[in-house]
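# Observations on the model geometry
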Amino acid sequence: SIPAQSSETVVFDTNVPAGAEVFALTSHTHQLGTYASIHRMADGAEVELLHESFDWAEPPFDVFQPSLTLAPNESLRLTCQFENPTDDAVNFGTSFYDEMCFLWAHYVEP
């Protein structure tokens, strides 16, 4: 939930199967999303910025050649920042007037 007339930052960590070969990443928000990033994490610490977007409508589709292979102690961290200039709280949902924050990790399992 993003309160009226405020900003909010959301952070999610997600695991990809150990040994998976990640060949592309992108993020997704709706119109209140002002920033999204995906970091490679190791043992809970940020190691490398893999994806960054300042455009909710057309986030970059980052392709990795060669693919990134994640170790058993590694994960991906998605961070999304939102600005809500409206007089209403905005909640998660699939409508254009709702908000969301997610990533697409395209990978081949080991």
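Below is a short write-up of the structure. From a predicted model like this one, the values you see are computed outputs, not experimental measurements.

The subject of this paragraph is the overall build of the protein. Counting its regular elements, the protein contains zero helices and seven strands. In the protein, the order of α-helices and β-strands from amino to carboxyl end is β-β-β-β-β-β-β. Here the C-alpha coordinates of the protein stretch approximately 45 × 25 × 20 Å along the principal axes. Taking all contacts inside the protein whose residues are at least 6 apart in sequence as the whole, residues at least 24 apart take part in 76%. Roughly 6,200 Å² of accessible area belongs to the protein as shown, and the carbon and sulfur atoms make up 51% of that amount.

What follows deals with the sheet that holds strand 5 (residues 62–69). Taken together, three strands build an open sheet; the order of strands is 5-2-7 and the sheet is antiparallel. On the outer flanks of this sheet lie strand 5 and strand 7 (101–108), each paired with one strand and no other. Ignoring strand direction, the axes of neighbouring strands in this sheet form an average angle of 30 degrees.

The next subject is unusual backbone geometry. Backbone torsion omega between Gln-65 and Pro-66 reads 5 degrees, so that peptide bond is classified as cis. The residue Gln-5 is not glycine, and still its phi comes out positive at about 55 degrees. At Asp-43, a residue that is not glycine, the phi angle is positive and equals roughly 55 degrees. Along the chain, Asp-43 falls in the loop between strand 3 (33–42) and strand 4 (45–53).

Another aspect to go through is the sheet that holds strand 3. Strand order in the open sheet made by the four strands is 1-6-3-4, with antiparallel pairing throughout. Each having just a single partner strand, strand 1 (6–14) and strand 4 make up the two edges of the open sheet. Direction aside, neighbouring strands of the sheet carry axes that sit 20 degrees apart on average.

What follows is about the state of the cysteines. Tallied over the entire structure, the rule returns one disulfide. The partner cysteine of Cys-80 in its disulfide is Cys-101, sulfur to sulfur 2.0 Å. Judged by the sign of its S-S torsion, about 80 degrees, the bond between Cys-80 and Cys-101 is right-handed. Here Cys-80, found in strand 6 (residues 74–84), pairs with Cys-101, found in strand 7; they are 21 residues apart in sequence, far enough to count as distant.

A surface patch of nonpolar side chains, about 360 Å² in accessible area, is lined by Trp-56, Phe-96 and Tyr-97. Structurally, the position occupied by Phe-96 is in the loop between strand 6 and strand 7.

Counting across every chain of the model gives three salt bridges. Among the salt bridges present, the one from Arg-40 reaches Glu-48, with a minimum N-O distance of 3.6 Å. We classify Glu-48 as partly exposed; its relative accessible area is 34%. On the basis of relative accessible area, Arg-40 is assigned to the buried category, the value being 12%. The network of salt bridges with common partners includes Arg-40, Glu-48 and Glu-74.

Basis of the calculations
Residues numbered from 1 in each chain as written. Predicted model: local features only at pLDDT ≥ 70, side-chain atom pairs only at ≥ 80, totals over all residues. Heavy atoms only, no water. Helix = DSSP H or I, 4+ residues; strand = E, 2+ residues; numbered from the N terminus. Contact = heavy atoms within 4.5 Å. Areas by Shrake-Rupley, 256 points an atom, 1.4 Å probe, with all protein chains shown as cover. Pairing = 2+ DSSP bridges. Axes fitted to C-alpha atoms, helices over the stretch in contact; angles between N-to-C directions. Disulfide = S-S within 2.5 Å. Patch = residues over 30% accessible without salt bridge, like charges linked within 9 Å, V, L, I, M, F, W, Y side chains within 5 Å. Salt bridge = Lys/Arg side-chain N within 4 Å of Asp/Glu carboxyl O. Buried < 20%, exposed > 50% of the residue type's maximum accessible area, 1.4 Å probe, protein only.

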